[in-house]
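Breakdown of the fold
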Amino acid sequence: MLHTFVALVQDKPGVLTRVASLFRRLNINIVSLTVGESERQDTSRMTIVCEAPENSAHRIRASLYKLETTVHVDEVNRTEAVVRELCLVKVAAGPAQPHGLHSRSQIFELATVFRARVVDLAPESIMLEMTGSASKIEGLLQVLRESGYEVLEVSRTGRMAMRRGQHTSRVLKALGTKESGSEAGSDLLDLDPDALPNSDQLPNQFDEEVD
Amino acid sequence: MANNNQHPTLTGSEILWATLAGEGTTTVFGYPGGAILPIYDALRKFPTIHHVLVRHEQGASHMADGYARASGRVGVCMATSGPGATNLVTGLATAMLDSIPMIAITGQVSSKVLGSDAFQEVDITGITLPITKHNFLVTRAEEIAPTVRKAFQIATSGRPGPVLIDITKDAQQATATFDFDAAAPGAARPHPMLRAESAAMREAIALIKQAKKPIILAGHGIVESGAEAEVIAFAESQKIPIATTLLGLGCVPAAHPLQLGMMGMHGESWVNNAIQQADLLLAFGMRFDDRVTGNLASYSPNSKKIHIEIDPSEINKNVRADVALIGDLKSVLQVLLPQLQPKSADAGAWLDEINASKGTAAVRDIINLPDNGHLYAAHVIHDIWREAQAAGRLNETIVVTDVGQHQMWEAQYFKHEAPRTLVTSGGLGTMGFALPAAIGAKVACPEKDVWVIAGDGGFQMTAAELSTIVQEGLAINVAIINNGFLGMVRQWQETFYEKNYSASPILSPDFVMLAAAHGIAGAHVEKRADVIPTVTKARTSGKAFLINFQVEKEDGVYPMIAPGAALHEMVRRPQSDPLLETAEDE
């Protein structure tokens, strides 16, 4: 099954290698991995989606936290998090295309239905930008192809995920439940069970696992 | 910046030595070379640090490892860039697999030519990524002190492990202000710990109270955590027998009535049978290695498992834990034990049952067979133990083994009564480990007797370090268990490959002459009666001494569990003398 991990890591050279090497060592294929800046200085946020057996989530998470460069790891699933992906699609659309001069207007219509935006218009092509879940992006691509359009290029960012609501201990802290005086950069005590709501305690992860 | 007494301006090399000295380092095992010359040049300014020149960098890494295992302090080794650095790799992996706190420092080409395939340049941080707990590339003198201090923190905190620091030559030569205190690392990353009132702790207590047939599986984590006293107190209070892993030997005295002995592939039958019959396993600082569990599907099928472990990624890796208590073993036991009522004497029935199941084991044991004129490795090792015990030096004797049959016989026939008296490569199983690791152990504990027990194969892998022993004037005793074979390979070929002894017979030099060439005294021993007198002579010589024990060629380690077999499906020791049988076969 697909697992989605959100890792906060130090923003230093070689950190990506350490994370990638961990998955290589566990012989787990990474479906997508996105890295970018986070809300805190010198800390990058990674969303890692991987295909792995259902009961391996705890071990992957613990192994990620074992890396000295990892500040925090969370595992999120679809129901409790917003998961998004950005996609750029270049479609052939010009007078020579199957639907002739109507091509462009048809693509505009499809884009409207999928809430995609037209970001570039060239004589022979249109570039669409779309944000959404992976299945929505795949839906747009499928409709374009089935309608006879030639998809020239596709670039997808891979998934990014963020927990909904106030589930994380960091949000709890921001709300003043624990040491509200501590500065933003040093509150990462999430693996200290005292700072955690019950559901975040590492040992309790085992209960969810399947034999 | 001008010098001032409080925060002098030093070169990167001087900062390195000053920081190591500040962290308590007194010995560094290393080998110089081009990219680390500035560091070696600065060494003379730091007389509190003794440098041991090795003969091969692999030796340096094993020495730092042996130093750490014997003393509990951080071992430090050093090598130049390129081949010097790559030669450390086996030692780093050995330390990684056995969670040994160790610092490796490598020189690196100047930062201006990094990545250009400069002379003796190798990406050692890339190479050692999976075999170090963490590693660093340092390119500026200012970073040296904080990096070294951070490395010590990483190596010793949580689950210990080796840390490599790669320092470019220009960082060694540049200058920076040195302030040891300001370079202190921040708090270690939080390690998960459980509170006394946590649900897992309550579940563990309930399981322990219910258990009728509990067993403690005692691992290396006990020694790392310094929890020997807590484990014994726990076992005595709850009347729970203890089985140990290879690296757990010595954490509970072999003579303790609750100590059963070693479990696993070459563990005693009653230990493994007891684990299979148990209704509760308490895993203390061990990781259910495949050499310990046998076939996982049939491993201790009727027991609940409580796993106390500092590394969360070990939980449920091989064996599913019913309750996981994550944290430092000593702290966890200090919380757990006060919440348990001492068990009454009738809990001893389980121990009696285990003891009764020993059955014919003693009769089959080679130690109890009459002398038939052959010299067996088991006898040699047992006699080294008897000699040390008779001399009252048992707890002051560190045995450093290599890997193979002799290692298993050592585990079976040398009864360790104190922690850190056995130094052996468990996880990686590194042949060639013994001699250099023994040098590290002797340097760390000069007041102790250090015995190398090595096979004729493994000894030859790192035999060049004999010269290091002489240069350092170390009184290390070497016992070579010489059977003319790579014995464990031969035993597997006998058992699983129809006696096709492919590449396992090994020719050796005359080891006593080899020792003599180094100026080390030695002796050949071929009769059992000569073992103890020669061992005494070696131990009391006050100098290095090498004994070549010419033992039976085709001897086997028993009991044995075939790979993939269940823990109770062990091959017992043969009823009759196995050696006489092989002699007849010839």
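Rules of the game
Throughout, residues of each chain are indexed from 1 in the direction in which the sequence is written. As a convention, the first chain written is A and the first ligand written is 1, with the rest following in written order. For a predicted model such as this one, the threshold for reporting local features is a pLDDT of at least 70, and the threshold for listing and counting side-chain atom pairs is 80 or more; totals across whole chains, interfaces and linings nevertheless cover every residue. Side-chain numbers here rest on the full set of heavy atoms in the structure, without hydrogens or water. Note on conventions: DSSP H or I runs of at least 4 residues are helices, E runs of at least 2 residues are strands, and numbering of each starts at the N terminus. In this scheme, a residue with accessible area under 20% of its type's maximum is buried, one over 50% is exposed, and one in between is partly exposed, where area comes from a 1.4 Å probe on protein chains only. The contact rule is simple, with two residues in contact once any of their heavy atoms fall within 4.5 Å. The pairing criterion for strands is at least two bridges between them, as found by DSSP. The axes are straight lines fitted to the C-alpha atoms, using for helices just the contacting stretch, and the angles between their N-to-C directions are given from 0 to 180°. Should an angle lie under 35 degrees it is considered roughly parallel, over 145 roughly antiparallel, and from 65 to 115 roughly perpendicular; all remaining angles are considered oblique. Two helices crossing with the near one rotated counterclockwise from the far one by less than a right angle form a left-handed crossing, whereas a clockwise rotation gives a right-handed crossing. Should a side-chain nitrogen of Lys or Arg be within 4 Å of a carboxyl oxygen of Asp or Glu, the pair is scored as a salt bridge. Note that the domain bounds were set by an automatic or database domain assignment. Two parts placed together each lose some accessible area under a 1.4 Å probe, and the buried area is that loss summed for both. Confidence per residue, as judged by the predictor, is encoded in pLDDT with a range of 0 to 100. Under the counting rule used here, the positive set is Lys and Arg, the negative set is Asp and Glu, and His together with the chain ends is not counted.

Overview of the environment of Ile105(B)
Residues and elements named next belong to chain B.
- On the secondary structure map, Ile105 appears in strand β5 (residues 102-108).
- Here Ile105 falls in the buried class, since its relative accessible area comes to 0%.
- Sequence-wise, Ile105 and His518 are 413 residues apart; in three dimensions their C-alpha atoms are separated by 29 Å.
- Every residue in contact with Ile105, bar those within four places of it in the chain, is listed here: Leu16, Leu20, Ile36, Val76, Cys77, Met78, Ala79, Ile165 and Ile167.

Focus: the sheet that holds strand β16 (residues 422-423) of chain B
Residues and elements named next belong to chain B.
- Taken in spatial order, the six strands of this open sheet run β16-β15-β17-β18-β20-β19, and their pairing is parallel. Each of the sheet's edge strands pairs with one partner strand only, and the pair in question is β16 and β19 (521-525).
- Summarising the sheet, strand β17 (residues 449-455) and strand β18 (residues 476-482) pair through six bridges and their orientation is parallel. Its bridge partner being in β18, Val450 is matched across the sheet by Ile476.
- Packing against the sheet, helix α17 (residues 377-390) makes contact with β15 (397-401), β17, β18 and β20 (545-550), and its axis sits at approximately 160° to β18.
- In the packing of helix α24 (residues 531-540) onto the sheet, contacts are made with β17, β18, β19 and β20, and the angle to β20 comes to roughly 160°.

A few points about the packing of helix α9 (residues 199-210) of chain B against helix α14 (residues 329-336) of chain B
All names here are of chain B.
- As a packed pair, α9 and α14 sit with axes 11 Å apart at the nearest point and diverge in direction by 70°. By the angle between their directions, the pair α9 and α14 is classed as roughly perpendicular. Considering the relative orientation of α9 and α14, their crossing is right-handed. Between α9, through Met201, Ile205 and Ile208, and α14, the contact on the second element is made entirely by Val332, Val335 and Leu336.

With respect to the pattern of salt bridges
All names here are of chain B.
- Summed over all chains, the structure comprises 28 salt bridges over all chains.
- In this structure, Arg287 engages Asp289 in a salt bridge whose closest nitrogen and oxygen atoms are separated by 3.5 Å.
- Given the relative accessible area of 19%, Asp289 is considered buried.
- Residue Asp290 is joined to Arg291 by a salt bridge in which the shortest nitrogen-to-oxygen separation is 3.0 Å.

Focus: the domain arrangement of chain B
All names here are of chain B.
- Domain parsing of chain B yields domain 1 (9-177), domain 2 (199-357) and domain 3 (365-581).
- The gap between the C-alpha centroids of domain 1 and domain 2 is 37 Å.
- Between domain 1 and domain 2, the residue contacts involve nine residues of the former and seven residues of the latter.
- Both faces combined, the contact of domain 1 with domain 2 buries some 580 Å², and carbon together with sulfur accounts for 50% of it.
- In terms of surface lost to domain 2, no three residues of domain 1 exceed Leu97, Asp98 and Arg159, which account for 64% of the buried area on that side.
- For the pair domain 1 and domain 2, the interface holds two salt bridges.

Focus on the confidence of the model for chain B
Residue and element names in this part refer to chain B.
- Summary statistics for chain B give a mean pLDDT of 94 and a share of 96% for residues scoring 70 or more.
- Every residue in residues 579-586 scores below 50 in pLDDT, and together they form eleven contacts with partners more than four places removed in sequence or on other chains.
- Interface confidence in the predicted complex, given as ipTM, is 0.86; pTM for the same model is 0.91.

Notes on the side chain of Lys448(B)
Residues and elements named next belong to chain B.
- Inspection of the secondary structure puts Lys448 in the loop between α19 (434-444) and β17.
- Buried within the structure, Lys448 lacks any salt-bridge partner; its nearest side chain of opposite charge belongs to Glu447, at an N-O separation of 4.9 Å.
- Not counting residues up to four positions away in its chain, the partners in contact with Lys448 are Arg393, Asn395, Glu396, Ile398 and Lys442.

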